[in-house]
Amino acid sequence: MKYLLAALMMGASLAASAANHEIKMLNAGKDGTMVFEPGVLKAAPGDTVTFKAASAGHFVQSKAVPNGAKDFTSEEDENFTVKLDKEGVYVYICPPHRTMNMAGIIQVGKAVNRAEAEAAVAELEKRATVNQGRLKTYLQQIK
């Protein structure tokens, strides 16, 4: 019984320490036009991220996630929360503004899938007609 109680308390403690981060979907921000802000986020396993529909016409879709993590897609003009259970790099875009390089990166713990993230970034950069290099610059912040 003591061990069960200790395990429950430890689980509650871990859940209480999980953070909720916010990323805004914007027409314009500190990194230019059609941006997620912040464009790079560092989080811990178990944290959540809420994508805020701060400007109209945006939604979020994952393009690369760590092994075992679920792909995600939100609805247009809706706030969306995702729990980041798996360690690694998450690359995501706003599909209507993909060619404007409206994309971002979240690092959860260690960058265990960095090669997959690099491939996704290279493909997205190749298709960008505006804001070229922005996503590549974000990836340079991932260690």
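Residues numbered from 1 in each chain as written. Predicted model: local features only at pLDDT ≥ 70, side-chain atom pairs only at ≥ 80, totals over all residues. Heavy atoms only, no water.

### Some points on the overall build of the protein chain
Logical step 1: Regarding its fold elements, the protein chain presents three helices and eight strands.
Logical step 2: Seen in sequence order, the protein chain has helices and strands lined up from the N terminus as α-β-β-β-β-β-β-β-β-α-α.
Logical step 3: Long-range contacts, defined here as pairs at least 24 residues apart, represent 65% of the contacts in the protein chain between residues at least 6 apart.
Logical step 4: Element-wise, carbon and sulfur atoms account for 54% of the exposed surface of the protein chain, whose accessible area totals about 7,800 Å². (Helix = DSSP H or I, 4+ residues; strand = E, 2+ residues; numbered from the N terminus. Contact = heavy atoms within 4.5 Å. Areas by Shrake-Rupley, 256 points an atom, 1.4 Å probe, with all protein chains shown as cover.)

### Quick look at the side chain of H97
Logical step 1: Mapping H97 onto the fold places it in the loop between β7 (88-93) and β8 (103-108).
Logical step 2: Filtering out sequence-adjacent residues up to four positions away, H97 remains in contact with M34, G57, H58 and M102.

### Notes on the environment of E76
Logical step 1: Among the secondary structure elements, E76 is positioned in the loop between β5 (61-64) and β6 (80-83).
Logical step 2: Sequence-wise, E76 and C94 are 18 residues apart; in three dimensions their C-alpha atoms are separated by 9.4 Å.
Logical step 3: Leave out the neighbours within four places in its chain, and E76 touches G57, H58 and F59.

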